[in-house]
Amino acid sequence: MYVCICNAVTTRHITEARAQGADSLRALRERLGVGNCCGKCCLDAHNLLRQQQAQPPCGAAACPS
């Protein structure tokens, strides 16, 4: 699903950026351009990042296979 239409950033892009160390909206902005144009995506991108941070990392014992 697209999170940032202006820069064609999807949930997958945010997930990949998080896996590579992006842990804040600022980091997403620097890596992906999220929020650099109209800014309407900032809240959704921030919420998605927080949801992903609350989940156990893949490969963890609690992660379903």
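In the block above lies the structure referred to throughout.
Nothing here was measured: the structure is a model prediction, and the numbers come from that model. (Residues numbered from 1 in each chain as written. Predicted model: local features only at pLDDT ≥ 70, side-chain atom pairs only at ≥ 80, totals over all residues. Heavy atoms only, no water.)

J.: I tried to follow the overall build of the chain on my own but got confused; where do I start?
T.: Looking only at helices and strands, the chain features 3 helices and 2 strands. In the chain, the order of α-helices and β-strands from amino to carboxyl end is β-β-α-α-α. Residue pairs in contact within the chain that sit at least 24 positions apart in sequence constitute 46% of those at least 6 positions apart. Carbon and sulfur atoms make up 51% of the accessible area of the chain, which amounts to about 4500 Å² in all. (Helix = DSSP H or I, 4+ residues; strand = E, 2+ residues; numbered from the N terminus. Contact = heavy atoms within 4.5 Å. Areas by Shrake-Rupley, 256 points an atom, 1.4 Å probe, with all protein chains shown as cover.)

J.: I tried to follow the side chain of Thr10 on my own but got confused; where do I start?
T.: Among the structural elements, Thr10 can be located in strand β2 (residues 9-10). Among residues more than four places away in sequence, those in contact with Thr10 are Met1, Tyr2 and Val3.

J.: Help me out: how do you make sense of the nonpolar core in this one?
T.: One recurring pattern in soluble globular proteins is that nonpolar side chains are buried together. One finds Val3, Ile14, Leu28, Val34 and Ala45 to be the most contacted residues of the largest nonpolar core, which totals 15 residues. Elements with a contribution of two residues or more to this core: β1 (2-4), α1 (11-19), α2 (25-32) and α3 (42-54). Residue contributions to this core peak at 4 residues, all from α3. Setting aside residues no more than four positions away along its own chain, Val3 makes contact with Val9, Thr10, Thr11, Ile14, Cys41, Asp44, Ala45 and Leu48. (Core = buried A, V, L, I, M, F, W, Y, C linked by side-chain atoms within 4.5 Å. Buried < 20%, exposed > 50% of the residue type's maximum accessible area, 1.4 Å probe, protein only.)

J.: Honestly, the environment of Lys40 in this entry has me stumped. Any pointers?
T.: Along the chain, Lys40 falls in the loop between α2 and α3. Among the residues examined, Lys40 registers a relative accessible area of 72% and is labelled exposed. Taking the C-alpha atoms as reference, Lys40 lies 9.5 Å from Cys6; in sequence the two are 34 residues apart.

So far we have only geometry, and geometry alone does not tell us how the molecule works.
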